[in-house]
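# Notes for the structure review
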2 protein chains.
Amino acid sequence: MEIKVLKDILSANEQIAASNHQKLEEHGVFSVNLMASPGAGKTSLVLQTIRAVAGKTRVGVIEGDVSSSLDSELIAREDVPVIQINTGGECHLDASMVRNALENLPLADIDLLLVENVGNLICPAEFNIGEHLKVVISSVPEGDDKPFKYPTMFIIADAVVINKTDLLPHLQFDTARFTGAVQGINQKAPVFTLSCTTGDGLDSWTSWLLGRMETERAGGAA
Amino acid sequence: MEIKVLKDILSANEQIAASNHQKLEEHGVFSVNLMASPGAGKTSLVLQTIRAVAGKTRVGVIEGDVSSSLDSELIAREDVPVIQINTGGECHLDASMVRNALENLPLADIDLLLVENVGNLICPAEFNIGEHLKVVISSVPEGDDKPFKYPTMFIIADAVVINKTDLLPHLQFDTARFTGAVQGINQKAPVFTLSCTTGDGLDSWTSWLLGRMETERAGGAA
């Protein structure tokens, strides 16, 4: 019974996700679903990416949180369009929530839509929202065992970001162990190591992101 | 439809949780449900607590993870009884999983049962497992805004631990902001600041924990 209902929910979600995707395509908007544990640095990566691509592409943001508008207030200071979704207890964004947000964003003025999902390394992996790319952010203080413990998120990722490399001197974190674990379950996803605090490594990430966006626009081998 | 089924699940869970609680009481086992984001330091706190109370009380452990037995392997080295629950995708422990684990633990040899929940700051808050105490662990690198963003977990907590205080010199984390946010939604929960790496602050935590255990044994004003 429980499984049947869950399947129905996922199937309904897939239909809305496909509709979201079509809408984004029609407006020429490239969209990225950013997923991570609480506090891994999703908002920091959104902020740094906005600053890095300023003048090259027009960014819009959807902020997903269980509660509060703290993150969207930070984003709004960057003078980009932003919508806050408060899930009110739900542990992930679903396609329906994102559909509502899309109706309230100026899609004609957006080339790159960054969607910050709810802080959760498990549940968001189950729900497509119509995005072009799924990106997982992990951070050095969380430890190098996360791909072993939360494999689904790393299996479905189009890219993996290791954030907070500035803390490497203060922690035991084996980057090779982490990267090897990712590659063991996902051969396609590049792994970026960076620090949103110092800016180290951000160039590789933004170059890759803009490259994927151009490929998509040029006709789209995803 | 979805809500009705969820209510049924929660109601069934409550019944099993009550049965678990009764079983723990019958065996004189005091149980703690440890919840946190991935990488906040749940396993480290379990390890440090085992070492701190050694000779004073007999500890048993249930390790909950989506996948892998990495944590239970670490715990087993401490020579305490441990059971690993792999949820196989589920984002939380439920009472039924814990019931199965209890059947496989030597309860007569355990005074204090530490249950490490799945790394998730949202979903585990919805599921009682029959525990005596719910403890939330947050960590300095996650940021001082977590009680604002994930309020339910902090509302239901009997205690809050801020771990990784050794990283305070390297991060912007306002302990007063975090503690104030907790106290704004939860007047009963003490907030402990500690570092499982250096051991700083562990004494207050273990003293409080053993005190709660004694109170419960003495007749139990919870």
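Going by the structure above, here's the rest.
Here goes a summary of the coordinates provided. (Residues numbered from 1 in each chain as written. Chains lettered and ligands numbered in written order. Predicted model: local features only at pLDDT ≥ 70, side-chain atom pairs only at ≥ 80, totals over all residues. Heavy atoms only, no water.)

### Description of the pairing of strand β2 (residues 59-65) of chain A
Along any regular strand the residues' side chains alternate between the sheet's two faces. All names here are of chain A. Along β2, seven of the seven residues are buried, which leaves the element largely enclosed by surrounding structure. Here β2 shows a buried face lined by V59, V61, E63 and D65 and a second buried face lined by G60, I62 and G64. Pairing between β2 and strand β4 (residues 112-116): five bridges, direction parallel. Counted as the bridge partner of I62 is V115 from β4. Across five bridges, β2 lies against strand β3 (residues 82-86) in parallel orientation. Each bridged residue has a counterpart across the sheet, and for I62 the counterpart in β3 is I83. Remark: the β2/helix α3 (residues 70-76)/β3 crossover connection has right-handed handedness. (Buried < 20%, exposed > 50% of the residue type's maximum accessible area, 1.4 Å probe, protein only. Helix = DSSP H or I, 4+ residues; strand = E, 2+ residues; numbered from the N terminus. Pairing = 2+ DSSP bridges. Right-handed = clockwise from strand over helix to strand, strands pointing away.)

### Remarks on the relation of the copies chain B and chain A
Mapping chain B onto chain A leaves a residual RMSD of 0.0 Å; the transformation is a rotation of 180° accompanied by 0.0 Å of translation along its axis. In short, the pair behaves as if placed about a two-fold rotation axis. Most of the interface of chain B is mirrored in chain A, where 100% of its interface residues again form contacts. (Least-squares fit on C-alpha atoms with pLDDT ≥ 70 in both. Contact = heavy atoms within 4.5 Å.)

### Looking at empty space enclosed by the protein
Counted according to the given criterion, the structure contains six cavities of 30 Å³ or more. Reported here for the largest cavity is a volume of approximately 80 Å³. Surrounding the largest cavity, V66 and G89 of chain A together with L121, I122, E126, Y150, P151, T152 and M153 of chain B form its lining. A class-by-class count of the residues in the lining of the largest cavity yields six nonpolar, two polar and one charged. (1 Å grid on protein atoms, 1.4 Å probe; cavity = no way out; pocket = protein on both sides within 12 Å on 5 of 7 lines; lining within 4 Å. Points joined across faces, edges and corners; volume = space filled by probe spheres on them. Nonpolar A, V, L, I, M, F, W, Y, C, P; charged D, E, K, R; others polar.)

### Thoughts on the interface of chain B and chain A
Counting residues at the interface gives 35 residues for chain B, matched by 35 residues for chain A. Summed over both partners, the interface of chain B with chain A comes to about 2,700 Å²; 65% of that surface belongs to carbon and sulfur atoms. On the chain B side of the interface with chain A, the three residues burying the most area are P38, I122 and K149 of chain B, jointly 21% of the side's total. The tally of links from chain B across to chain A stands at two salt bridges. (Buried area = accessible area lost by both parts, 1.4 Å probe. Salt bridge = Lys/Arg side-chain N within 4 Å of Asp/Glu carboxyl O.)

### What about the pairing of strand β4 (residues 112-116) of chain B?
Residues and elements named next belong to chain B. With five of its five residues buried, β4 lies for the most part within the structure. Relative to β4, strand β1 (residues 30-36) is paired through five bridges, and the arrangement is parallel. Each residue of the ladder has a partner; that of S31, found in β4, is L113.

### Focus on the environment of F192 of chain A
All names here are of chain A. For F192, the location among the structural elements is in strand β7 (residues 191-193). Given a relative accessible area of 10%, F192 falls into the buried group. For F192 and V115, which are 77 residues apart along the polypeptide, the C-alpha to C-alpha distance reads 19 Å. Contact partners of F192, with chain neighbours within four places excluded, come to A159, V160, V161, I162, S204, W205 and W208.

### Concerning the nonpolar core
Within the largest apolar cluster, 72 residues are counted, with the highest numbers of intra-cluster contacts made by I62 and L113 of chain A together with I62 and L113 of chain B. Among residues more than four places away in sequence, those in contact with L113 of chain B are L24, V29, F30, S31, V32, G60, V61, I62, L102 and L105 of chain B. (Core = buried A, V, L, I, M, F, W, Y, C linked by side-chain atoms within 4.5 Å.)

### What to know about helix α4 (residues 95-103) of chain B
All names here are of chain B. A95, M97, V98, A101 and L102 are the residues of α4 that are buried. Looking down the long axis of α4, one finds its buried residues gathered within 155° of arc, a one-sided arrangement. The backbone nitrogen of S96 has a side-chain oxygen 3.1 Å away, supplied by the residue at the start of α4, namely D94. (Arc of directions from axis to C-beta. Polar contact = N/O pair within 3.5 Å; in protein donor to acceptor, adjacent residues only side chain to side chain.)

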